[in-house]
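The lines below spell out each chain.
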Amino acid sequence: MDAATGGCEVDYAYSLLRIDSVVESATGGLTIVEGQSHLTTPRRYPGGARLVATVFVPYFGDGRDAQVLLRRDAPRTVTVPQQHLLASTSARLRAGEEVRIVCWGDSVTAGGDATSDRASFPALVEHGLRTSGADARVTTVAVGGSNSAQWLGRSEEARCHWSRVAEARPHLVIVEFVNDAELDPKTWPGLYLDLKSRTKAIGAELLITTPHFTMASMMRFGHAVVDTDERPYTRFLRDFCHSEQIALADVSRRYEHLALEAVPYQTLLNNGINHPDDRGHALAAEEILACMGRNTPRPEGDES
């Protein structure tokens, strides 16, 4: 700081992320195509050539720390249809009756960092159902930064109250709480048995989503390729839904699949921390629709 003028000088540096593509031409030759750099969500070049691999250039990359991801599969949903666990909802859909759905959760459910309300996963679920001819009405009940414990009577936060879910009179409740991963694991069984009981008491069925991937330090990983989600919360949800016969949209498994698509999962985090971009919201919606037996596979090579 300059005492005479009261001004100061700041020395700083910044860097962007980039994804380059290794593509195969019609004649079999390989070419590296530079992608579009971005602070958090770089895009690979949308060329028509066959993608062989991507090269993820991290912040302040010097070329030696770039990570190569070989493409081994195309984008696709991984959740299997589970209409047998959503018998009442499925019957209403088949009969063309109105289906009221509540998407209940935290900032991600609230649409955090989607470019518009229509790009959030609850809106995409409604759009997917209505496009297939269903009379679906999706209501979002969510508060940023919240967890399920707060909503189930363990917080003084006025907006986090189970009555908001019950008052919507849903036929189906879709649950997303990535923030529950930070709760004491000992509380998970009681919390999720409670939410199962409350959902049943209001005459609704339950569909739970595993959490999307977050920044590497939050997930205890330090690399771009994560093909196995070892978070205790994810394992708990998979085991709980299996033992309690609850429908599970395995969003986490879909993020595991990104490694096979040569997509660094971090590049789907719009805030670089825990909020998915439009592509991440679309992935969640696809897995939920697949769980309901309304699969919406993407065209080959589509990253949107």
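Nothing here was measured: the structure is a model prediction, and the numbers come from that model.

A. Quick peek at the nonpolar core. Residues Leu207, Tyr265 and Met292 are the most contacted members of the largest nonpolar core, which totals 37 residues. Elements represented by at least two residues in this core include exactly β5 (98-105), α2 (121-131), β6 (135-142), β7 (172-176), α6 (216-219), β9 (247-249), α8 (251-257) and α9 (278-291). Looking at this core element by element, the count peaks at six residues for α9. Val141, Ala149, Ala204 and Ile208 belong to the second largest nonpolar core, which has 28 residues in total.

B. Geometry of the pattern of salt bridges. Scanning the entire structure with this criterion turns up 18 salt bridges. A network of salt bridges, in which partner residues are shared, links Arg238, Asp250, Arg253 and Glu256.

C. Quick peek at the sheet that holds strand β3 (residues 50-57). With antiparallel pairing, the four strands of this open sheet are ordered in space as β2-β1-β3-β4. Sheet topology places β2 (30-33) and β4 (67-70) at the edges, where each strand pairs with a single neighbour. Strand after strand, the sheet turns through a mean of 25° between neighbouring axes, direction not considered. Examined bridge by bridge, β3 and β4 share four bridges and lie antiparallel to one another. Bridge pairing in β4 places Val55 opposite Val68.

D. Region of the structure containing helix α5 (residues 188-201). End to end, α5 covers 20 Å across 14 residues, agreeing with the expected 20 Å (1.5 Å per residue, within 8%). What α5 keeps buried is the set Trp188, Leu191, Tyr192, Leu195 and Thr199. Down the axis, α5 shows its buried residues gathered within 90° of arc, on one side only. In α5, the exposed positions that point more than 90 degrees away from the buried face belong to Lys200 and Ala201. Where α5 is buried, its residues meet β5, α3 (148-151), β7, β8 (205-209) and α7 (232-244). Looking one or two residues beyond α5, the residue adopting positive phi is Gly203, at roughly 75°.

Analysis parameters
- Residues numbered from 1 in each chain as written.
- Predicted model: local features only at pLDDT ≥ 70, side-chain atom pairs only at ≥ 80, totals over all residues.
- Heavy atoms only, no water.
- Core = buried A, V, L, I, M, F, W, Y, C linked by side-chain atoms within 4.5 Å.
- Buried < 20%, exposed > 50% of the residue type's maximum accessible area, 1.4 Å probe, protein only.
- Helix = DSSP H or I, 4+ residues; strand = E, 2+ residues; numbered from the N terminus.
- Salt bridge = Lys/Arg side-chain N within 4 Å of Asp/Glu carboxyl O.
- Pairing = 2+ DSSP bridges.
- Axes fitted to C-alpha atoms, helices over the stretch in contact; angles between N-to-C directions.
- Expected span 1.5 Å × (residues − 1).
- Arc of directions from axis to C-beta.
- Contact = heavy atoms within 4.5 Å.

The quantities given are spatial measurements derived from coordinates; they are silent on function.
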